[in-house]
Amino acid sequence: MDTTTPGHVTSRRSVLAAGTAGLAATALLAACSDDGPAPGLSGTPVPTTEVPPTVPPRDPTEAQLQADRDTFATASSLELLAADVYRRFGVDFQDPELLAAAERFATDHEAAAAIFAAEAGDHPGLGEPNAFLEENQVAPVESLLTNDVAIADLATTIENSIAATYITAVGTLLDADWRQTMVQHGAAAARRAAVLGNGGTGTSPSAARFPLSDLIATDAYLTTSTEAPAEGEEGAEGAEGEATE
Amino acid sequence: MPIEPTEPATTSGTDRRAFLTRSAAGGALVATAATTGFAGLGLVAAGAQEGTADTRRSINQQYVLGAIPLELAAVVAYDAALSGDALSGDLATTLRRFQRNHQDVAADLTGRAHADDDIPTADPAVAAQFSPPAGADEAAVLTTLASLEEALSATHLGAIATFEDTSFAKVLSQFLTVEAQQAVALGRAAEQPLDALTPAIASTDGGLEAGQLEAGQTVPSPAALTDDESDEESEDDAETEADAETDSDDDAN
């Protein structure tokens, strides 16, 4: 079906109308009968509601609020990880354009980290690059980061992870404005990935939806236990940050 | 992820366009099947279904009626770009992939429209605004399409905060992120400055609305809205070009 030709209109209503003509005829015949309710029906049909009832909004629970704070803390740690990679390894770019870009990207990531940290509250692991990803994604390849291709590929992976993680967070964040803010940062990360991809020569998307395959592992998320501390224990002892282990 | 050490890649103007052609020749061109959601299934915004027939449509369904014409306008604009002779074979293949992505987005959004709504067609003004003029060279084609991608991405981004339905917001986020990457790919191939293509955060400036543009009306690109220096350089270039033309006329006389 050509949906690109100007003036062409497709009506779902016309499609539905053709299929229901037979049903209407059957209903008419049934209505003409004095033998009681139509086949398949008993009693008086339930009256339909023209305007369905609305769902009243509910206040978020403490667990939901904490989940948001965990998301912001995680985002801040991801931003710091990216900044750290650019600061440590981006300085070794031989290409002058990538070298200059790495410096700017590091600054942008540090600014983003501060934005998210401000929303995370008092959270374990805050203020540090994501420890899990540093250990599992950066450290294993550190010795190989000796040329532009390797450095750009690592940076691309981290940027794609940020984009995928932030888009995923859109599905859970409570505040609509923060959902937009997350996407603004995620899309920016995806743009950097498009520049740095394929060893620094750039890549382009192959599908209409940004893939979420680079979503960070569960262990990379910074979390805080919301369980109430046992009697006599300090509240801080009830909190644990997985990324700091 | 293992990183195999290779010889350092040199980046040049040719290489920037090369990646578009290389991805077309060797990459898997995924023809994403159009996803058809059921209108109303899980997409109803809390509090949206009350009052008149118009407000009974969810915010999502209202949005898609405005977004579909824009995405279809992009398809038309790519048609115009691909109809000329300015593009190499491999570059044209990549642009067809971008065009197909917009078609897929339009198809997905169509599946989310209200059952009683007629599906809109391409916005003619937007299609005209972002269709490269006949005879345009490769750089002009790429620049025009890059502006189109920026505008579409900004449009969807600007709407994210209006949705209570987080699942729809997430899907739209995936679409706009791809469009942002397409803008970067086209911009890089057109040798636009890297800093303009990689802002600290994505912008909502330059977003479109279906029916917003009158025939012949122009919309500045998001880069132009924020980059005053490039505006000044453009004016200087225009003056230099005018001077060159004057000198050329004098020489002819």
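These numbers come from a predicted model, not from an experiment.

1. Here we look at the overall build of chain B
Part 1 of the argument: The number of helices and strands found in chain B is 10 helices and one strand.
Part 2 of the argument: The order of helices and strands in chain B, counted from the N terminus, is α-α-α-α-β-α-α-α-α-α-α.
Part 3 of the argument: The buried share among the 253 residues of chain B stands at 48%.
Part 4 of the argument: For chain B, the proportion of contacts with a sequence separation of at least 24, taken over those separated by at least 6, is 77%.

2. Let's talk about the overall build of chain A
Part 1 of the argument: Looking only at helices and strands, chain A features six helices and one strand.
Part 2 of the argument: When its helices and strands are written in sequence order, chain A yields β-α-α-α-α-α-α.
Part 3 of the argument: Here the analysis covers contacts within chain A between residues at least 6 apart in sequence; of these, 70% occur between residues at least 24 apart.

3. Looking at the nonpolar core
Part 1 of the argument: With 115 residues, the main nonpolar core has A:Val85, A:Ala163, B:Ala73, B:Ala77 and B:Leu145 as its most contacted residues.
Part 2 of the argument: Aside from chain neighbours lying at most four places away, what touches A:Ala163 is A:Gly186, A:Ala189, A:Ala190, A:Ala193, A:Phe210 and B:Thr177.

4. Overview of the packing of helix α6 (residues 176-200) of chain A against helix α7 (residues 166-189) of chain B
Packed helices, taken two at a time, are described by the angle between their axes plus the distance between the axes.
Part 1 of the argument: Axis separation between α6(A) and α7(B) bottoms out at 9 Å; the angle between their running directions is 30 degrees. In terms of crossing hand, the pair formed by α6(A) and α7(B) is right-handed. Residues A:Arg179, A:Val183, A:Gly186, A:Ala187, A:Ala190, A:Arg191, A:Ala194 and A:Val195 of α6(A) form the contact with α7(B), whose own contacting residues are B:Thr166, B:Ala169, B:Ser173, B:Leu176, B:Thr177, B:Ala180, B:Gln181, B:Val184, B:Ala185 and B:Arg188.
Part 2 of the argument: Its residues assigned to classes, the contact of α6(A) with α7(B) comprises 10 nonpolar, five polar and three charged.

5. A few points about the packing of helix α3 (residues 59-83) of chain B against helix α6 (residues 138-159) of chain B
Residues and elements named next belong to chain B.
Part 1 of the argument: With their axes 11 Å apart at the nearest point, α3 and α6 run at an angle of 170 degrees to one another. As judged from the angle between their axes, α3 and α6 are roughly antiparallel. For the pair α3 and α6, the contacting residues are Tyr63, Leu70, Ala74, Ala77, Tyr78 and Ala81 in the first and Val141, Leu145, Leu148, Leu152, Thr155 and Ala159 in the second.

6. Details of unusual backbone geometry
Part 1 of the argument: Its identity as a non-glycine residue notwithstanding, A:Asn198 has a phi of 55 degrees, on the positive side.
Part 2 of the argument: Secondary-structure assignment places A:Asn198 in helix α6.
Part 3 of the argument: On the basis of neighbour counts, which here come to 18 C-beta atoms within 10 Å, the residue A:Asn198 falls in the partly exposed class.
Part 4 of the argument: Residues other than glycine seldom take positive phi values, yet B:Glu191 does so here, at roughly 60 degrees.
Part 5 of the argument: Among the structural elements, B:Glu191 can be located in the loop between α7 and α8 (194-197).
Part 6 of the argument: Judged by C-beta crowding, with 13 C-beta atoms within 10 Å, B:Glu191 ranks as partly exposed.

7. Focus on the confidence of the model for chain B
Residues and elements named next belong to chain B.
Part 1 of the argument: Here chain B shows a mean pLDDT of 74. Residues at 70 or above account for 60%.
Part 2 of the argument: Taken together, the stretch residues 1-15 has pLDDT below 50 and engages in 29 contacts with residues farther than four places along the chain or on a different chain.
Part 3 of the argument: Throughout residues 23-51 the model reports pLDDT below 50, and contacts reaching past four residues in sequence, or to other chains, amount to 59 contacts.

8. A closer look at the environment of B:Thr177
Part 1 of the argument: Assignment of secondary structure puts B:Thr177 in helix α7.
Part 2 of the argument: For B:Thr177, a count of 31 C-beta atoms within 10 Å puts it in the buried group.
Part 3 of the argument: In this structure, the C-alpha to C-alpha distance between B:Thr177 and B:Ala154, residues 23 residues apart in sequence, is 9.7 Å.
Part 4 of the argument: Those residues in contact with B:Thr177 that sit more than four places away from it in its chain are A:Ala163, A:Ile167, A:Gly186, A:Ala187, A:Ala190 and A:Phe210.

9. Regarding α6(A)
All names here are of chain A.
Part 1 of the argument: Taking 1.5 Å per residue, 25 residues should reach 36 Å; α6 reaches 35 Å between its end C-alpha atoms and fits that length.
Part 2 of the argument: Roughly 35 degrees is the biggest bend found in α6, and it falls at Ala193.
Part 3 of the argument: Burial of α6 is extensive: 21 of the 25 residues sit out of reach of the surface.
Part 4 of the argument: In the segment just after α6, Gly202 is the residue with positive phi, at about 105 degrees.

10. Regarding the environment of B:Ser131
Residues and elements named next belong to chain B.
Part 1 of the argument: For Ser131, the location among the structural elements is in the loop between α5 (124-130) and α6.
Part 2 of the argument: Note: C-alpha distance between Ser131 and Val76 (55 residues apart in sequence) is 7.5 Å.
Part 3 of the argument: Contacts of Ser131, omitting those with residues within four sequence positions, involve Val76, Ala77 and Ala80.

11. Things to note about the confidence of the model for chain A
All names here are of chain A.
Part 1 of the argument: Across chain A, pLDDT averages 82, with 71% of residues at or above 70.
Part 2 of the argument: By mean pLDDT, strand β1 (residues 10-11) is the weakest element of chain A at 46, and helix α5 (residues 148-170) is the strongest at 98.
Part 3 of the argument: Note that residues 1-21 has pLDDT below 50 and, in this model, 21 contacts with residues that lie over four places away or in other chains.
Part 4 of the argument: Below a pLDDT of 50 lies the segment residues 226-245, which in the model reaches 33 contacts outside its immediate sequence neighbourhood of four places, other chains included.

12. Examining the environment of B:Pro69
Part 1 of the argument: Topologically, B:Pro69 is positioned in helix α3.
Part 2 of the argument: Of the residues examined, B:Pro69 has 23 C-beta atoms within 10 Å and is grouped as buried.

Parameters and conventions
Residues numbered from 1 in each chain as written. Chains lettered and ligands numbered in written order. Predicted model: local features only at pLDDT ≥ 70, side-chain atom pairs only at ≥ 80, totals over all residues. Helix = DSSP H or I, 4+ residues; strand = E, 2+ residues; numbered from the N terminus. Buried ≥ 20, exposed ≤ 12 C-beta atoms within 10 Å, placed from the backbone. Contact = placed C-beta atoms within 7 Å. Core = buried A, V, L, I, M, F, W, Y, C linked by C-beta atoms within 7 Å. Axes fitted to C-alpha atoms, helices over the stretch in contact; angles between N-to-C directions. Left-handed = near helix turned anticlockwise from the far one by under 90°. Nonpolar A, V, L, I, M, F, W, Y, C, P; charged D, E, K, R; others polar. Parallel < 35°, antiparallel > 145°, perpendicular 65-115°, else oblique. pLDDT = per-residue confidence, 0-100. Expected span 1.5 Å × (residues − 1). Bend = angle between axes of the 7 residues up to and from the residue.

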